[in-house]
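Structural description and commentary
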Amino acid sequence: MAYEIKLDVFEGPLDLLLYLIRKNEIDIYDIPISLVAQQYMEYLNTMRSLNLDLAGEYLVMAATLAHIKSRMLLPTVDTVGEEDEEEDPRAELVRQLLEYQRYKEAAGFLAARPLLERDVFNLGVLPEGTSTPADDFLLEVDLFELVEAFRRILSQIHDDEPLEFSTEKLSLADRMNEIMETLSQEGNTSFSELLIIRSSKRLVVYTFLAILELVKLRMVTARQAVPFGEIRLFLSVGKRDEITGTSEGA
Amino acid sequence: MEDTIAIIEALIFASETPLTVAKIAEIFPELKTDQIAGFVEELVREYDRRQGGIFVREVAGGFRFQTASRTAPWIGKLRAAKPLSLSPSAMETLAIVAYRQPVVKADIDRIRGVDAGGALKGLLEKKLVRIVGRKDVPGKPIIYGTTRKFLEVFNLKSLADLPTLSEMKDLQMTDLDASSETSV
Amino acid sequence: MEDTIAIIEALIFASETPLTVAKIAEIFPELKTDQIAGFVEELVREYDRRQGGIFVREVAGGFRFQTASRTAPWIGKLRAAKPLSLSPSAMETLAIVAYRQPVVKADIDRIRGVDAGGALKGLLEKKLVRIVGRKDVPGKPIIYGTTRKFLEVFNLKSLADLPTLSEMKDLQMTDLDASSETSV
């Protein structure tokens, strides 16, 4: 049976290898590696001569095949049946091919299902109804959308100011938010209480930095009754109703 | 059920505007307009006889499905719980607050290039953003940060779990296939 | 027609997402879940018997109306919007996410033997895949999973509705269409 080949249809080196295995009617558990390696290289050369963009992964696979081939050529110590002595050099590749094949089949299965907007359709327009958002609404948002929104904004800015952020800064914001939350619930808390319960050193450092930052921003006030006494932290910002009116859990 | 009627039923259901007989005639060039009108009439009568929760009705010169008016009170209850999504401007504002917090409004305005007042107000109402304090500079601007609800809504353990920009760049490499749609 | 069934029919029709029995139960606090499930079942059977252009189907844990797949060619003529299409690389990536979720990008890359970044981004944009969280290993890689929309688009009741991978080997021998077509 003649196969018509379109060189750009392969989804990657594994896909190309599976194709070669099928084309040659090869047993996947016993791949004649020199034949397959030779044909693989021929396809790569054809793809190159057609100026098709060759992803680096194809070249990595070519090297892998060459490596397996050389290992197959090495005289093996006579190990009769004991497979744990030395594994077949092809074993890892076969595992990879089988796993890939499974998901390729799964993809085929999914594609064959009756697809919405292809085979079956939803209602064209929803009937108009009372669309009043309730107080306790559900939010349906996606984290990806949030990050994309941020990336979109940054891509539009040609400012000198670096807008990249670090996880350190966010960890700090996390701790600041947590401290503010504790304070808005309890009114005040002690310095040592905040630091002592923290198990990891990293967290203690962040907590300390968060407190310093909050004091610097005058969001909290640190007070001490006596010299060397307990330091207590108080919420110090704005009018109380303004803060609680908009903050979480008010 | 006559097959053509079944197809017309599916067409009325899936149409984005009330479906006119003329439009159906375009799809079935082999049928006469009278025949099509007859099929549609048959469909209308079938749902009328059935007295269920949905009917086919003529609206604005075309036909469409609609719910029985007596079911309106229950549909109102259903709609009340409709999940909301965020507008692009709200999403952008939220992204800036999330990644740059603690942040003042002037910074958000500057980064977005537009006034973020409306978007911020909406986010405060939705309790995704809150006032964390006032900055100790002239004018004492309000400082904003995200809430615990923000973490819950986005299923994040902490702010440090927010994806980084370099992680997002990883998702754009190579594979031109995904953007240029080919069929399955 | 029993009035409650008529109302449930209208609710399923008017719901923007597949309507769950639990949601119906909120609207009818006086009814037991079993009763509601029974009513829904009756409605599903009625449309099945009728063999018309629309059916009630269980998808993504809820129920919705959808057109019979045999009517798709005609609806294609009606709808201006291009039908959903996914490239083979997007389908492979989606299959890996669906079956191995929660899964990190490195695993997808390894299985496919190529960088899946572009395909993954396309799937995120189409809302078929979402960021679930971060794996608690060094580097804290982002983990991905499928969305409810994935179930809706692929007509799956739940993830458990996916055939097991070994089962698939057998299916491959027979006609895949036979298992996928339930509505007509």
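None of the values given here were measured: they were computed from a predicted structure.

1. Notes on the overall build of chain A
A tally of regular secondary structure across chain A gives nine helices and three strands. In sequence order, the secondary structure elements of chain A are arranged as α-α-α-α-α-α-β-α-α-β-β-α. Per-residue burial over chain A gives 40% buried out of 250 residues. Sequence separation of at least 24 residues holds for 52% of the intrachain contacts in chain A that already meet a minimum separation of 6. Accessible area of chain A: about 14,500 Å², with a carbon and sulfur share of 54%.

2. What to know about the domain arrangement of chain B
According to the domain assignment, chain B consists of domain 1 (2-77) and domain 2 (88-176). Relative to domain 2 of chain B, the C-alpha centre of domain 1 of chain B lies at a distance of 47 Å.

3. Focus on the side chain of Thr 71 of chain B
Mapping Thr 71 of chain B onto the fold places it in the loop between β2 (62-67) and α4 (72-80). Taking relative accessible area as the criterion, Thr 71 of chain B reaches 0% and is therefore assigned buried. Apart from the residues lying within four places of it in its own chain, the contact partners of Thr 71 of chain B are Ala 6, Ile 7 and Ala 10 of chain C.

4. A word on the pairing of strand β5 (residues 142-146) of chain C
Residue and element names in this part refer to chain C. Burial of β5 is extensive: five of the five residues sit out of reach of the surface. Where burial is concerned, the two faces of β5 agree: the one with Ile 142, Tyr 144 and Thr 146 and the one with Ile 143 and Gly 145 are both buried. In the sheet, strand β3 (residues 103-104) pairs with β5 via two bridges, with the strands oriented antiparallel. Residue pairing in the sheet places Val 103 in a bridge with Tyr 144 of β5. Of the strand pairs in this sheet, strand β4 (residues 129-134) and β5 are connected by five bridges, and their pairing is antiparallel. Considered in β5, the bridge of Arg 134 is made with Ile 142.

5. Here we look at the sheet that holds β5 of chain C
All names here are of chain C. A sheet is described by the order of its strands in space; here three strands give the open sequence β3-β5-β4, paired in antiparallel fashion. In this open sheet, the two edge strands, each paired with only one partner strand, are β3 and β4. Helix-sheet contacts for helix α5 (residues 88-100) involve β3, β4 and β5, and the interaxial angle to β5 is about 95°. Relative to the sheet, helix α7 (residues 117-125) contacts β4 and β5, its axis offset from that of β4 by approximately 105°.

6. Observations concerning the interface of chain A and chain C
Counting residues at the interface gives 41 residues for chain A and 53 residues for chain C. Summed over both sides, the interface of chain A with chain C buries roughly 4,300 Å², with 63% coming from carbon and sulfur. For the pair chain A and chain C, the interface holds six salt bridges. The salt bridge partner of Arg 112 of chain C is Glu 11 of chain A, with a shortest N-O separation of 3.7 Å. Put simply, chain A and chain C have eleven residue pairs in polar contact (both at pLDDT 80 or more) between them. Of all elements in the fold, only α1 (13-23), α4 (91-112) and α5 (143-156) of chain A reach the threshold of two or more residues within the side of chain A that touches chain C. The element that contributes the greatest number of residues to the side of chain A that touches chain C is α4 of chain A, accounting for 15 residues. The residue inventory of the side of chain A that touches chain C, partitioned by class, reads 20 nonpolar, six polar and 15 charged.

Reading the values: the criteria
Every chain is numbered independently, its residues counted from 1 as its sequence is written. By the order in which they are written, chains take letters starting at A while ligands take numbers starting at 1. Local features in this predicted model are restricted to residues whose pLDDT is 70 or higher, and side-chain atom pairs enter the listing and the counts only when it is 80 or higher, whereas totals over whole chains, interfaces and linings include all residues. Heavy atoms throughout the structure, all of them, feed into the side-chain values; hydrogens and water do not. To qualify as a helix, a DSSP run of H or I must reach at least 4 residues; to qualify as a strand, a run of E must reach at least 2; elements of each kind are numbered from the N terminus. Only protein chains enter the accessibility calculation, which uses a 1.4 Å probe; a residue whose area is less than 20% of its type maximum is buried, one above 50% is exposed, and one in between is partly exposed. Any two residues having at least one pair of non-hydrogen atoms within 4.5 Å are treated as being in contact. Where accessible areas are quoted, they stem from the Shrake-Rupley method and a 1.4 Å probe; at the residue level, only the protein chains shown are allowed to cover. Note: domain ranges come from an automatic or database domain assignment. Pairing between strands is defined by DSSP: at least two bridges between them are needed. Every angle, taken between N-to-C directions, lies between 0 and 180 degrees, and every axis is a line fitted to C-alpha atoms, over only the stretch in contact when it is a helix. Buried surface area refers to the total accessible area, computed with a probe of radius 1.4 Å, that the two partners give up upon joining, counted for both partners together. Any carboxyl oxygen of Asp or Glu within 4 Å of a side-chain nitrogen of Lys or Arg constitutes a salt bridge here. In protein, a polar contact requires one atom able to donate a hydrogen and another able to accept it; more generally it is a pair of N or O atoms within 3.5 Å, and residues adjacent in sequence count only if both atoms are side-chain atoms. Ten residue types, Ala, Val, Leu, Ile, Met, Phe, Trp, Tyr, Cys and Pro, are classed as nonpolar, four, Asp, Glu, Lys and Arg, as charged, and the remainder, Gly among them, as polar.

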